[in-house]
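Here is how the chains run, residue by residue.
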Amino acid sequence: MKETKNIIFTLDGREAEARPDETVLSVAKRLGVDIPALCHHQAVTSYGACRLCVVEVKKGKRTRIVTACIYIPADGDVVETGNERVNKLRRIILELLLARCPEVDLIRSLAGQYGVDASSRFRVSGSAGAGERCIICGLCVRVCAEVMGQHAIGYANRGGKRMIATPFETQTEDCIGCGACVFVCPTNALHLEDIGGKRVMKELYTSMPMMKCTGCGREFATEKQIEKVRHCLPAAHDKIAMCPSCRRAAFRDAAGQALI
Ligand code: SF4
Ligand code: FES
């Protein structure tokens, strides 16, 4: 039978309670304990890519390092989120990230917090696709697949050349130009620009036509986005081709409250 009882464990010396299936990272956030976590987002499944959220878990005599975004504590676990062993590992990870993405402010700032400077022992390697700003956290891939249901982006190559790309590094039919990947990217490796009636996402080899709002005439979404919403919400057909402000103005109840 599935465990339904809450878990009692120790987090940085104090008693903590986790719901069954709740990760250490989630409990830590709830209790205001800061654990750096670059590849985690509540909207998608955890993937354990960046390894920055490492913490130490003691179970009886056994001690091991786990990723807080994936690890579900057990009764009696003693978790330490910032001891010397953990901080040393985070410093190595940050040194590697800094070698890969020396220009990313977020990485520089995290590195600074852990006393890691720009003189990395590791070779600085340029990466293609999203350029030298991509840490291969996979958030864009997961949000595209799990939230948007599009599966337009994936991984290409291996090792230091691993990168985020569309299939065959060309524009893919699966991309609707929603920009969820751009929104979720922690390092601003992906960009979206609306120019000349088109939405352009250069790192994803994508350019597609925009749609004008039937109310104000402003270009507000791509044609493919609207097509997708029409497909998902056929009952709202007449409201879909309007931008959010025109929609709010057009659909109000008798008291003047926006209905959508
Ligand atoms: S492009 Fe951004 S979201 Fe996608 S893997 Fe790279 S850093 Fe992560
Ligand atoms: S946030 Fe846990 S491995 Fe990246």
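All values reported here derive from a predicted model rather than from experimental measurement. (Residues numbered from 1 in each chain as written. Chains lettered and ligands numbered in written order. Predicted model: local features only at pLDDT ≥ 70, side-chain atom pairs only at ≥ 80, totals over all residues. Heavy atoms only, no water.)

## Some thoughts on the environment of Ile195
Part 1: Its location among the elements puts Ile195 in strand β8 (residues 193–195).
Part 2: Residue class for Ile195 comes out partly exposed when judged on its relative accessible area of 45%.
Part 3: Remark: the alpha-carbon pair of Ile195 and Glu219, spanning 24 residues in sequence, is separated by 9.9 Å. (Helix = DSSP H or I, 4+ residues; strand = E, 2+ residues; numbered from the N terminus. Buried < 20%, exposed > 50% of the residue type's maximum accessible area, 1.4 Å probe, protein only.)

## Focus: the sheet that holds strand β4 (residues 62–67)
Part 1: Spatial ordering of the open sheet is given by β2-β1-β5-β3-β4, a layout of 5 strands whose pairing is mixed. The two strands at the open ends of the sheet, each matched to only one other strand, are β2 (14–18) and β4. Neighbour-to-neighbour, the strand axes of this sheet turn through a mean angle of 35°, independent of strand direction.
Part 2: In this structure, strand β3 (residues 54–59) lies alongside β4, joined through 6 bridges in antiparallel fashion. Within the sheet, the bridge partner assigned to Lys59 lies in β4 and is Arg62. (Pairing = 2+ DSSP bridges. Axes fitted to C-alpha atoms, helices over the stretch in contact; angles between N-to-C directions.)

## Side note on the packing of aromatic side chains
Given two aromatic rings, one states the distance between the centres and the angle between the planes to describe the pair.
Part 1: Scanning the model with the defined rule gives 1 aromatic pair in all.
Part 2: We note Arg162 situated over the ring of Tyr155; from NZ or CZ to the ring centre the distance is 4.3 Å. (Phe/Tyr/Trp six-rings, centres within 6.5 Å; stacked < 30°, edge-to-face > 60°. Lys NZ or Arg CZ within 6 Å of the ring centre and 35° of its normal.)

## Concerning the nonpolar core
Part 1: Leu38, Leu52, Leu94, Leu97, Ile107, Val116 and Ile135 are the most contacted members of the largest nonpolar core, which has 22 residues in total.
Part 2: Secondary-structure elements contributing two or more residues to this core are α2 (84–100), α3 (105–113), α4 (139–147) and α5 (180–184).
Part 3: Element by element, the count of residues in this core is highest for α2, at 4 residues.
Part 4: Here this core spans two domains, and each of domain 1 (7–113) and domain 2 (131–250) adds at least three residues to it.
Part 5: Leave out the neighbours within four places in its chain, and Leu52 touches Pro36, Leu38, Arg90, Ile93, Leu94 and Leu110.
Part 6: Judged by nonpolar contacts, the second largest core, of 19 residues, contains Ala16, Val33, Val55 and Val79. (Core = buried A, V, L, I, M, F, W, Y, C linked by side-chain atoms within 4.5 Å. Domains from an automatic or database assignment. Contact = heavy atoms within 4.5 Å.)

## What about a nonpolar patch on the surface?
Part 1: Together, Leu89, Ile92 and Leu96 make up a nonpolar patch on the protein surface, roughly 210 Å² of accessible area in all.
Part 2: Along the polypeptide, Leu89 turns up in helix α2.
Part 3: Residue class for Leu89 comes out partly exposed when judged on its relative accessible area of 31%. (Patch = residues over 30% accessible without salt bridge, like charges linked within 9 Å, V, L, I, M, F, W, Y side chains within 5 Å. Areas by Shrake-Rupley, 256 points an atom, 1.4 Å probe, with all protein chains shown as cover. Salt bridge = Lys/Arg side-chain N within 4 Å of Asp/Glu carboxyl O.)

## Examining the sheet that holds β8
Part 1: Reading across the sheet, the 4 strands line up as β8-β9-β10-β11 and stay open at both edges, with antiparallel pairing between neighbours. Every interior strand has two partners, whereas the edge strands, β8 and β11 (219–222), have only one. Between one strand and the next, the sheet's axes are offset by a mean angle of 40°, whatever the strand orientation.
Part 2: With 4 bridges joining them, strand β9 (residues 198–201) and strand β10 (residues 206–212) adopt antiparallel strand pairing. Paired with Lys198 across the two strands is Pro209, which belongs to β10.
Part 3: Sheet strands touched by helix α6 (residues 223–232): β9, β10 and β11. Its angle to β11, the strand with the most contacts, is close to 70°.

## Some details on α4
Part 1: Residues Leu139, Cys140, Val141, Arg142, Val143 and Cys144 constitute the buried set of α4.
Part 2: Elements that come into contact with the buried residues of α4 comprise β6 (154–156), β7 (163–165) and α5.
Part 3: Following α4 by one or two positions, Gly149 adopts a phi angle in the positive range, close to 70°.

## Re the site of ligand 1
Part 1: The environment of ligand 1 is formed by 13 residues, the closest being Cys134, Cys137, Gly138, Cys140 and Cys185.
Part 2: A class-by-class count of the residues in the shell around ligand 1 yields 11 nonpolar, 2 polar and no charged. (Near = heavy atom within 4 Å. Nonpolar A, V, L, I, M, F, W, Y, C, P; charged D, E, K, R; others polar.)

## With respect to the environment of Cys134
Part 1: Within the secondary structure, Cys134 sits in the loop between α3 and α4.
Part 2: A residue is classified by how much of its surface remains accessible, and Cys134, at 9% relative accessible area, is buried.
Part 3: Distance in space between the C-alpha atoms of Cys134 and Asn157 is 14 Å, their sequence separation being 23 residues.
Part 4: Not counting residues within four places of it along the chain, the set of residues in contact with Cys134 comprises Arg100, Cys101, Ile164, Thr187 and Ala189.

All quantities given are derived from atomic positions and should not be read as evidence of function.
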